[in-house]
Amino acid sequence: MRFFEPPSSDIRTNSIDFIAFGSIKEQYKAIVTPNLYFKDELYHLNFSMAGALWPANYYGIGNDTHKDNKEKYESKSFSIDLIFERKFEDKIYLGANYFLSYGELDPKEGGVLESNEIVGSEDGLMSGPGIVVTLDTRDNENDTRSGTFLNFRSNWFRPAFGSDYTFEIIAWEPVSAMHLIQVNGLTSVWMSALWMTGSGWC
């Protein structure tokens, strides 16, 4: 994580998070997440970029599968989640977001996944804009001692935006509601909830 010192202690700190991990099965994923404020917190830009190379095994659908059905495949994916907000009231931000994700699957030659008869085995692009509303009264984003974070967002995925799928998502953060209470100088207690709904078709 890289922090950038703000010009005033009352202004939130800009940061860039970077996470990368892998497994002994040669599965890898990397995520970079810049979180930036401009013009004394009037504007807020937050986005994440993620890429993954994830070989795995497919055994079939349901509980009655057998290990002898193991079929190797390699999954590759890339996604961008962009949020741009403007402060309209104290601690309240309104803005737009855009989510784009592309995934492709490289199955074993001659396997059942190569037939594309299994849902999710085809390459696909999800692309859609949305709206976002945020209430953020936290005293500090990275070392929060008190405050509330409440975020509503939605996205509409349609072929008009280049998406291979048609659906929408409505979510609270997707609900990221978080309330923190300071217990003492070194300890705080937080409570959070997550709610999401979606509908559509492939």
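Residues numbered from 1 in each chain as written. Predicted model: local features only at pLDDT ≥ 70, side-chain atom pairs only at ≥ 80, totals over all residues. Heavy atoms only, no water.

Novice: Can you walk me through the overall build of the protein in this structure?
Specialist: Along the protein, the regular secondary structure elements total zero helices and ten strands. When the elements of the protein are put in sequence order from the N terminus, they spell out β-β-β-β-β-β-β-β-β-β. Classification of the 202 residues of the protein by burial places 26% in the buried group. Carbon and sulfur atoms provide 58% of the accessible area of the protein, an area that totals close to 12,800 Å². (Helix = DSSP H or I, 4+ residues; strand = E, 2+ residues; numbered from the N terminus. Buried < 20%, exposed > 50% of the residue type's maximum accessible area, 1.4 Å probe, protein only. Areas by Shrake-Rupley, 256 points an atom, 1.4 Å probe, with all protein chains shown as cover.)

Novice: Looking at this model, I keep getting lost on the pairing of strand β6 (residues 92-107). Mind explaining?
Specialist: A regular strand places its side chains on the two faces of the sheet in alternate fashion. For strand β5 (residues 71-89) and β6, the ladder comprises 16 bridges, and the chain directions are antiparallel. Following the sheet pairing, I80 is matched in β6 by L100. Counting the residues between successive antiparallel strands, the hairpin from β5 to β6 contains two residues, one of them, K91, with a positive phi of roughly 75 degrees. Across twelve bridges, β6 lies against strand β7 (residues 124-136) in antiparallel orientation. Within the sheet, the bridge partner assigned to L100 lies in β7 and is S127. (Pairing = 2+ DSSP bridges.)

Novice: Is there a simple way to think about empty space enclosed by the protein in this case?
Specialist: Over the atoms, a rolling probe the size of a water molecule traces out where space has been left empty. Here the largest cavity is characterised by a volume of approximately 30 Å³. Surrounding the largest cavity, R12, E41, K87, K91, Y93 and D136 form its lining. Looking at the lining of the largest cavity residue by residue, the class counts come to one nonpolar, no polar and five charged. (1 Å grid on protein atoms, 1.4 Å probe; cavity = no way out; pocket = protein on both sides within 12 Å on 5 of 7 lines; lining within 4 Å. Points joined across faces, edges and corners; volume = space filled by probe spheres on them. Nonpolar A, V, L, I, M, F, W, Y, C, P; charged D, E, K, R; others polar.)

Novice: Mind showing me how you'd approach the pattern of salt bridges here?
Specialist: Any two side chains of opposite charge can pair, so long as their charged atoms come close to each other. With the rule as written, the count across this model stands at four salt bridges. As a salt-bridge pair, E74 and K76 come within 3.9 Å of each other at their nearest N and O atoms. For E74, a relative accessible area of 26% translates into the label partly exposed. Close ionic contact of R153 with D81 constitutes a salt bridge, the shortest N to O distance being 2.9 Å. A residue pair is termed long-range when its members are at least 10 positions apart, and R153 in strand β8 (residues 147-157) and D81 in strand β5 qualify at 72 residues. As far as the burial class goes, R153 and D81 line up, both buried. (Salt bridge = Lys/Arg side-chain N within 4 Å of Asp/Glu carboxyl O.)

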